[in-house]
Amino acid sequence: MTPWNVLIVFCAISAVYGWYSHPRARDGYSLPDLISTDEKFEAYQQRQDAAVRNPIEAPYRIPNYIVPFHYGLWLRTGIHEGNLTFDGRADLYFRVTNPVRTIYVHSRGLNLINTELYMLPGDDLDGDRVLLERPRYTINQNREFIIFSSQRILVPTESYILHVEYSAELRTDDDGIYVSTYMNENRVRRHLIATQFQAISARTAFPCFDEPALKATFNLQIVHAEEYSAVSNTAVKEIEDYEEDGFQDYVTTKFERTPRMSPYLLAFLVSDFMYIAEGNQRVFTRPNAINQTEYALASGLRTLQAMDEYLGIPYTTHMSKLDQAAIPDFDAGAMENWGLCKYRESLLLFNPAVTTYRTRTWIDTIISHEYIHQWFGNKITNEWWSYLWLNEGFATLYEYYGAHLAAPEMEYFELFTLDVTQWALDADSREGTRPMSFSNGATFYDIWDLFDSIAYSKAGAVLNMFRGVLGDEVWRLMSSVYLSDNELEAVNPNDLIAAMEEASKDMDILPEGVSMREFVESWTEQTGYPVLEVRRNYRTDEIILSQDRFFNNKVVNNDPTEWIVPYNVVNQSAADFEFLNWDWLTERAVRLSTNVPDDRWIMVNKLQTGFYRVNYDVQNWYLIIDALVANWASVHRYNRAQLLDDAFHLARANRLDMEVFLDLMVYLQNEVEYPAWTAASPIISYFYNRLRGTPHYEHFQHFIYSLLEHVYGTLSIDSVSKDETNLHKFLKQTVSTWACRIENEDCLNRTHTLLSETVDRRGLVHPDISAVTYCFGLRGSTEREFVYVYDVLKTSDNQALRTLLIDSLGCSDDRTELRAYLYTAVGGEIDVNYTPAERRRVLNAVIAGSREGVDVMIDFLVDLYDYVLFHLGQGMLNSLVGSIASRTNNEEELERLEHLLGSLGSSIPPAVANSARATAARNMAWTSSREGLIVASFLESFSNNEQRVK
C-alpha cells in the first residue's frame, strides 16, 4: 500500500464523526415525498408479493420485503493525482414490508470500515436519527451481497437508515466507477473518474439495492481537488471548501436531490473537462477537444425540443438540466443516465474537417436514442432486466424517428427498416434466439447477455409494427398514457398493454375475439417470427395465406408457434403503398378470394412495417421481377429493399429457389436509390466471401459489375457537391465500395488520383468520400501515400477519424507496408499512440483489407505470435485464427492455414484449431453444394448471355 493509500484509509476512519457524521439529506424533504403515498407503498407491496421470480435469479436478488426510498452518498477522490483509491459513506434509507432481522445489500469490491443501523422517527429526513446498533454482517462475494443481521426485529411501521463507511479501488475496465485517461495538449496524461452503472454496477461505487425496480432519490456529495470539477445527474447545489488535514485545495461539490430513479441511472464525472452551454444543456469534453462539441449541443437542443413536443410531457417536469459528456474510454458506446448522458468520443465529437456523414448520422441518432430514454427508461423503467426491451425497444424506434422529428431534412427514418428491421429479422431467425421477455439469471454476465439484437432491434421493429397498427396519433396517446400512469415507477409488459388498451378503447383495431394482450404477447412472449406464405390459385382467383416459423437454415412445417399477424396487401393494378390498411391472420392458414388479374402481381406487408418475411408462389415472384425490370420505381423503395432481403433469406433457407432470387437481383441494373442497394450490399458480400479465390470469381465480378454499371455512372465518387442529400452519400459509399472491391478500373483510378493529389497538397480527403478514397486509393499506391496516411493517423486526436484511417491502412496490398503496420500494433521499440482497442483494430484491419493482408498476417503470426499473446492476449490470437479461417476458400489458402496452425501448436486451444479447420472445410465445400452449384451455373450463364448481347 502506498503512503497516499494509507493516508486515505486513516482519514476515512478518523473522519467518521466529522461534519458528515451521517450523509443525511438537508433539504427538509419529508418521508412521504420520497416514497410517494401510502397507497403507492401498499401497491408496491402487492406488486412485489405477486412477482414470481425466476428461481435461477432468486439467490442474487434483493428480497421483496426491502423497500428503499432514499440514498445519501459522499465520495472523496484524489483522481487528479492519478490515485485510484476512493473513500465513501452511504446512508441507505429503507422500509420493510414484514418483520425481519436480515438486510441484503449489493456490493462489489467495497472494503467496509464501519456500519451502523439507525431508526428514523417521524417523516422528516432531517430529523434526529436513533442509533440502534452496529449490525454484524457477512460478505458473499459470489452473490455480491453484504448480508446484515440485526439483533432486533425490523418492523413495517418504521423507517431505517443503514450507514456504511468504506473504501474501494477505481476499476480499469470501463464498468462501474472507473478511471479513464487522455493526453492533453502538452502530451501529459490526465486522469478522470467516469461511471457506467448499467446494468448492475452501481454496487461498485456504493452499497445499494441494485435493481431497476428499487427506485429511490439520491443526494450526492463529491470531495475532489479544486482544479477538477464534478458533474452528476442534477444541478450543483453548492460548492464549499473541504477542510481536513492532508486534503489541501479540495472542495465538496453538493448536488440537488434527484427524482426517484433506479440506482443504475446515477452517474457522475470528476475531471478537468471543459464545457459549452446553451439553455439548460451542456456538452463536456477534454479541453483539447472543446472545439468539437458545438454540433452535439445543437443536435441535443433540437432533439429535446422535438421530443418534448411529440410526447407532450416536458423533460423539465423532473429535471432542470441535461448534460452530455464525451468520455475517452467508454466501452458501452453511450448511456442515458438521467440528466447526464455519456458517450464514446467518436459518437459525440464533431469536426467539420474530418467527421463523415456517417459519423454525423450516428451522432444525431444516438443522441436521439439516449434522449428518448429520459422518458422511456428513466421516467419509467423496466421492472427487471427480463423486460429490457421496454427500455431499449422504444429507444431504438425513436433513435431514428426522434432524429427524424428533430431534423426531417436528413431523412433519418429512411434508415430504420434497413438498420433495424432487416437486421433483427436476420438475428431472430437463428435456432438459438430468445423471446423479447426473457431471463436466464441475475449475474453480471447473465444480464449482459440480454443486451442483444432482440432487446434492441427486434423490440424496436415490433414496437414500430404496433405503431403502424395503432396509427401515429393513437400511438402518441398511448405513449402519454403509458408515461403518465406509471410516472417514476418500474413497468412490465402489462403496463404497456394497459396503455395500448386505454388509447385504442374506442377504436375497432383488433380482429373480433382477439384481445390486446393476446396480440402483443404473441410477439413478445414467443421466440422467432413467422414467414407468410402467399400462394395464388390462378384458376380460382384465390389465395392461400399461411404462417410458419421462419428459420434461416431449414424449413420446419410442424412448429406449433402461431402469431396474431397484422398484414396488408397491395397489387399492381392499385399500387398504393402508403395507406396502411390492416387485415389479420389469426390462425395457421386461411383461404382468401382476390380479383387481381392473373398477369398482375400482389405484394404483402407494405413498407415492411410488419415484423415477418413474405414468400410467394413462383409465378407471382416472376410477375414482380418482370415489373421491376420494366420499371424499378413501380414498387415502393422500402418494399424493393424488402423483396431483396426476404428473397435472399428465403432462398438460403430452401423456401425459394436460389435462381429466382438471382433473377430478382438482375433488376438492380436500373436501381438508383439507397434502400435497395443497402439491402443488396450484405447479400453481395455473402457471395463475394464464398466465391473469391475460386474459379467462379471472374463470373461473379462480371455479374456485380453489370449490376453496378448504371448507378455507378450517375455518381461522382471523387467529389462532394453541396446539394447532396444524406441518403445520396450513403448510396455513393455503398456503390463505390463495391465498384472498387471488384476492381472497377475507373473506381481504382479515381480514388488513387484523389489520394495522390491530397498528399501533394498535404491536406485531407473530403470526409464524406474519405473511407473509400483512403482505402482503395492505397491499393497499388506508393510508400509516399501510405506513410502520409499513417502520419495523419498518428497526429490525429479525433477518435472517429483514427478508426477510419486504421481501417484504411489495412486496405493496402503492399506486403512490406502491411507487415510494418502490424509491427506498430504489438509495441516493441515503435512508439505509437494507440489505445488497446486500436491495437486490436489494426490487426483486424489488415485481415479484412485484402487476401494479401491475410497472407501477411499468417506470416506475422508464424514469426511473432508470442508478441500478440503478450501484448493483446489469448482472445485476440484466437480471434485472428478464426478470421483467417473464414477467408480460406481454396487448397492453396488451406495449406497456408494449416501451416499457421502447425506453427501455433499449443499456443491456441485445440477447440480453436478444430473450429478453424471446420470453417475452412465449409467454405471449400460450398462451391459443390446445391446452393453453390446453382449460383455458379447462373453466373456462368449470365456472363455468356451478356457477351452474346455485346
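Everything numeric here is computed off the predicted structure, so don't read it as measured data.

## Regarding the overall build of the protein chain
Working step 1: Summing up its helical and strand segments, the protein chain has 29 helices and 30 strands in all.
Working step 2: Its C-alpha radius of gyration of 30 Å places the protein chain within 12% of the 30 Å reference for a compact globule of 950 residues.
Working step 3: Residue burial in the protein chain is summarised as follows: out of 950 residues, 61% are buried.
Working step 4: Contacts in the protein chain between residues at least 24 apart in sequence constitute 73% of all its contacts with a sequence separation of at least 6.
Working step 5: For the protein chain, the exposed area adds up to about 36200 Å²; of that, 48% sits on carbon and sulfur atoms.
Working step 6: For the protein chain, the centre of its 82 positive side-chain charges and the centre of its 131 negative side-chain charges are spaced 2 Å apart.

## Side note on the pattern of salt bridges
Working step 1: Summed over all chains, the structure comprises 59 salt bridges.
Working step 2: Salt-bridge contacts for Arg203 lead to Glu144; the nearest nitrogen and oxygen are separated by 2.8 Å. Of this pair, Arg203 sits in the loop between β10 (189-196) and β11 (217-225) while Glu144 is found in the loop between β6 (136-140) and β7 (145-154), placing the two residues 59 residues apart along the sequence.
Working step 3: Accessibility expressed as a relative area gives 3% for Arg203, which makes it buried.

## Considering the nonpolar core
Working step 1: Judged by nonpolar contacts, the single largest core of 253 residues is most densely connected at Phe206, Phe519, Trp523, Leu644, Phe661, Met665 and Phe687.
Working step 2: The element contributing the most residues to this core is helix α16 (residues 674-691), with 11 residues.
Working step 3: Ignoring any residue separated from it by four or fewer positions in sequence, one finds Phe687 in contact with Phe648, Met658, Phe661, Leu662, Met665, Phe700, Trp926 and Val935.
Working step 4: One finds Val354, Leu754, Leu755 and Leu843 within the second-largest nonpolar core, a separate group that totals 55 residues.

## Brief notes about the pairing of β7
Working step 1: In the sheet, strand β3 (residues 100-106) pairs with β7 via 6 bridges, with the strands oriented antiparallel. Bridge assignment links Val100 to a residue of β7, and that residue is Leu154.
Working step 2: Taken together, the 5 bridges between β6 and β7 define a ladder with antiparallel strand orientation. Across the sheet, residue Thr138 finds its bridge partner in β7, namely Ile147.

## Some thoughts on empty space enclosed by the protein
Working step 1: A complete count under the given rule lists 9 cavities of 30 Å³ or more for this structure.
Working step 2: The calculated volume of the largest cavity comes to roughly 50 Å³.
Working step 3: Taken together, Ile313, Pro314, Tyr315, Thr317, His318, Trp338, Gln374, Trp375 and Lys379 make up the lining of the largest cavity.
Working step 4: Of the residues contributing to the lining of the largest cavity, the split by class is 5 nonpolar, 3 polar and 1 charged.

## Examining the pairing of strand β4 (residues 111-120)
Working step 1: β4 sits mainly inside the fold: 7 of its 10 residues count as buried.
Working step 2: Alignment of β4 against strand β8 (residues 159-169), held across 9 bridges, turns out to be antiparallel. When the bridges of β8 are listed, Met119 appears paired with Tyr160.
Working step 3: Note: β4 against strand β5 (residues 130-133), 3 bridges, orientation antiparallel. By the bridge assignment for β5, Tyr118 is matched with Leu131.

## With respect to the packing of aromatic side chains
Working step 1: By the definition in use, this model includes 58 aromatic pairs.
Working step 2: Here Phe206 and Phe218 contribute two aromatic rings whose centre-to-centre distance is 6.2 Å and whose plane-to-plane angle is 75°, an arrangement assigned as edge-to-face. With Phe206 in the loop between β10 and β11 and Phe218 in strand β11, the pair connects residues that are 12 residues apart, well separated along the chain. Each member of the pair, Phe206 together with Phe218, is buried.
Working step 3: An angle of 20° between the planes, with centres 5.8 Å apart, marks the rings of Phe394 and Trp475 as stacked.

## Here's the deal with the UniProt feature "domain: Peptidase M1 membrane alanine aminopeptidase" (unreviewed entry) in the protein chain
Working step 1: Residues given the UniProt feature "domain: Peptidase M1 membrane alanine aminopeptidase" (unreviewed entry) here are residues 295-523.
Working step 2: Across residues 295-523, the secondary structure splits into 52% helix and 7% strand, with the terminal C-alpha atoms separated by 38 Å.

## Description of the sheet that holds strand β17 (residues 281-285)
Working step 1: With mixed pairing, the 5 strands of this open sheet are ordered in space as β16-β17-β18-β20-β19. Of all strands in the sheet, those with a lone pairing partner are β16 (274-278) and β19 (334-335), marking the two edges.
Working step 2: Relative to strand β18 (residues 322-327), β17 runs parallel, the two sharing 4 bridges. Directly across from Arg282, in β18, lies its bridge partner Asp323.

## A few points about the sheet that holds β7
Working step 1: A sheet is described by the order of its strands in space; here 3 strands give the open sequence β3-β7-β6, paired in antiparallel fashion. The open sheet is flanked by β3 and β6, the only strands paired with a single partner. Adjacent strand axes in the sheet meet at a mean angle of 25°, parallel and antiparallel pairs treated alike.

## What about the state of the cysteines?
Working step 1: Tallied over the entire structure, the rule returns 2 disulfides.
Working step 2: Paired by a disulfide, Cys775 and Cys811 hold their sulfur atoms 2.0 Å apart. Disulfide Cys775 to Cys811: torsion about the S-S bond roughly -95°, handedness left-handed. Taken as a pair, Cys775 in helix α20 (residues 770-777) and Cys811 in the loop between α22 (799-809) and α23 (815-825) lie far apart in primary sequence, 36 residues in all.
Working step 3: Exposure remark for Cys775: the relative accessible area of 9% places this residue in the buried category.
Working step 4: Each bonded cysteine of the protein chain is numbered by sequence order, and under that numbering the disulfide pairs are 1-2, 3-4.

Calculation criteria
Residues numbered from 1 in each chain as written. Predicted model: local features only at pLDDT ≥ 70, side-chain atom pairs only at ≥ 80, totals over all residues. Heavy atoms only, no water. Helix = DSSP H or I, 4+ residues; strand = E, 2+ residues; numbered from the N terminus. Rg over C-alpha atoms; globule rule 2.2 N^0.38 Å. Buried < 20%, exposed > 50% of the residue type's maximum accessible area, 1.4 Å probe, protein only. Contact = heavy atoms within 4.5 Å. Areas by Shrake-Rupley, 256 points an atom, 1.4 Å probe, with all protein chains shown as cover. Lys, Arg positive; Asp, Glu negative; His and termini not counted. Charge placed at Lys NZ, Arg CZ, Asp CG, Glu CD. Salt bridge = Lys/Arg side-chain N within 4 Å of Asp/Glu carboxyl O. Core = buried A, V, L, I, M, F, W, Y, C linked by side-chain atoms within 4.5 Å. Pairing = 2+ DSSP bridges. 1 Å grid on protein atoms, 1.4 Å probe; cavity = no way out; pocket = protein on both sides within 12 Å on 5 of 7 lines; lining within 4 Å. Points joined across faces, edges and corners; volume = space filled by probe spheres on them. Nonpolar A, V, L, I, M, F, W, Y, C, P; charged D, E, K, R; others polar. Phe/Tyr/Trp six-rings, centres within 6.5 Å; stacked < 30°, edge-to-face > 60°. UniProt positions renumbered as here; feature names shortened; annotations may be inferred. Axes fitted to C-alpha atoms, helices over the stretch in contact; angles between N-to-C directions. Disulfide = S-S within 2.5 Å.

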